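# Residue-level structural notes
As a plain string of letters, each chain reads:
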Amino acid sequence: MMFSETGGFRDWSSSRGPVTALTLLTLTANQGAVGEMREVLVSEIDHCKTKILNSSRRDGQQKDSKKRVFSGIQPTGIPHLGNYLGAIENWVRLQDEYDSVLYSIVDLHSITVPQDPAVLRQSILDMTATLLACGINPEKSILFQQSQVPEHTQLSWILSCMVRLPRLQHLHQWKAKTAKQKHDGTAGLLTYPVLQAADILLYKSTHVPVGEDQVQHMELVQDLAQGFNKKYGEFFPVPKSILTSMKKVKSLRDPSAKMSKSDPDKLATVGITDSPEEIVRKFRKAVTDFTSEVTYDPAGRPGVSNLVAVHAAVTGLPVQEVVRRSAGMDTARYKLAVADAVIEKFAPIKRELEKLKLDKDHLEKVLQAGSAKAEELACPVCQEVKKLVGFL
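Residues numbered from 1 in each chain as written. Predicted model: local features only at pLDDT ≥ 70, side-chain atom pairs only at ≥ 80, totals over all residues. Heavy atoms only, no water.

### Overview of the pattern of salt bridges
Under the counting rule described, the total for this entry stands at 11 salt bridges. A salt bridge links Glu97 to Arg93, with the shortest nitrogen-to-oxygen separation between them at 2.8 Å. With Glu97 and Arg93 both in helix α3 (residues 81-97) and four residues apart, the pair spans about one turn of that helix. Exposure remark for Glu97: the relative accessible area of 46% places this residue in the partly exposed category. Relative accessible area serves as the criterion here: at 40%, Arg93 is assigned to the partly exposed category. (Salt bridge = Lys/Arg side-chain N within 4 Å of Asp/Glu carboxyl O. Helix = DSSP H or I, 4+ residues; strand = E, 2+ residues; numbered from the N terminus. Buried < 20%, exposed > 50% of the residue type's maximum accessible area, 1.4 Å probe, protein only.)

Right, here's the structure in full:
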């Protein structure tokens, strides 16, 4: 290869331009000058080859170091206020901040507890509609169904053979969930953190948005990535946590516990699809204390502080500004103010959600397209892992 007259490259065997140039050089009287000219041309060619090689290496390094976000959500009913503020709203923001973002509806995780098949199928579609209504854009991120990408379970098995049983048994969520199930937890419940690690590492993810209760699981993901790299050579990036700025939204009935779909007290949790009347009723019944002033003191006044945190999150105002604007308002009136802010926040989401749920075909196509894109990323990674491990 060599430079063309326009500064690009031409193939020596197929281009007449360079041959003609050398022919002209041979007609000069000074044969030594011809040799010098040839040396200059060879030097220029070598210099350009080096530039191309270095450029290719830089491009490869840039691709390898590309940031990629991964997160997942279980399709277990319509998300509540805590899910929205703690995860989904953050997901919407991240798809505008990163070039490569994957969000998975992790249906494999959902069957660690018994599920009705018909209900689960509908829940997958409902979650898809909810995420779209909240602002997840399939043009900006890959939204897909976990079980449609078989490499998740293949990598999970390989990683599970690298982790010791006591490590999984000491995870906080295993202890908490088996206690609720009277120590009758399944093997799936025990090993789901390994599947979670596979979900993340399968796409060579570099960043994972997590809540406070998932920090321990992220440590396992990081340890598995490092352990694999130590055994088989540098392969997986060690992903970093992106902690949401919104702390756990607390139960409206018990501010010492987080808001949960499984709470038996129906007044404790505000769902995205709750009617305005339901939202007002739940906030009116929210547990506070005997002091009527609105202040922010999570340790001393957890109930009121939870309301202030929710108010700040749905309005986008700093906590201090929310407290300032609430000066002179007693907690009874303040509860209604928070309810109104939540109703206003959820109104456009509910309208869009109602429309999307009527179009089942569209929801299925979104998942199919997203799963195909995810498969394209997952397949070569999984194949390489199998080679490294020693599979034919």
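### Overview of the state of the cysteines
In the structure shown here, the tally under the stated rule is zero disulfides. Unpaired in this structure, Cys379 has its nearest cysteine sulfur neighbour in Cys382, at a distance of 7.4 Å. (Disulfide = S-S within 2.5 Å.)

### Here we look at helix α6 (residues 151-160)
Of the residues making up α6, those classed as buried are Glu151, His152, Leu155, Ser156, Ile158 and Leu159. Along the axis of α6, the buried residues cluster in a sector spanning 165°; they form a single face. Where α6 is buried, its residues meet β5 (142-145), α9 (187-201), α10 (215-232) and α15 (360-389). (Arc of directions from axis to C-beta. Contact = heavy atoms within 4.5 Å.)

### Some points on helix α5 (residues 117-134)
Between the first and last C-alpha of α5 there are 26 Å, a value that for 18 residues agrees with the 26 Å anticipated at 1.5 Å per step. Two or three places before Ala118, at the opening of α5, Asp116 has a side-chain oxygen 3.0 Å from that residue's backbone nitrogen. Within two residues after α5, Gly135 carries a phi angle of roughly 125°, on the positive side. (Expected span 1.5 Å × (residues − 1). Polar contact = N/O pair within 3.5 Å; in protein donor to acceptor, adjacent residues only side chain to side chain.)

### As for the side chain of His152
Following the sequence through the fold, His152 ends up in helix α6. According to the relative accessible area criterion, His152 is buried, its value standing at 0%. Of note is the side chain of His152, whose polar atom sits 2.7 Å from the side chain of Asp199. Residues in contact with His152, not counting those within four places in the same chain, are Phe144, Gln146, Leu195, Ala198, Asp199, Leu202 and Tyr203.

### Let's talk about the environment of Phe391
On the secondary structure map, Phe391 appears in the segment after α15. Residue class for Phe391 comes out partly exposed when judged on its relative accessible area of 45%. Once residues within four sequence positions are removed from consideration, Phe391 is found in contact with Ile158 and Lys386.

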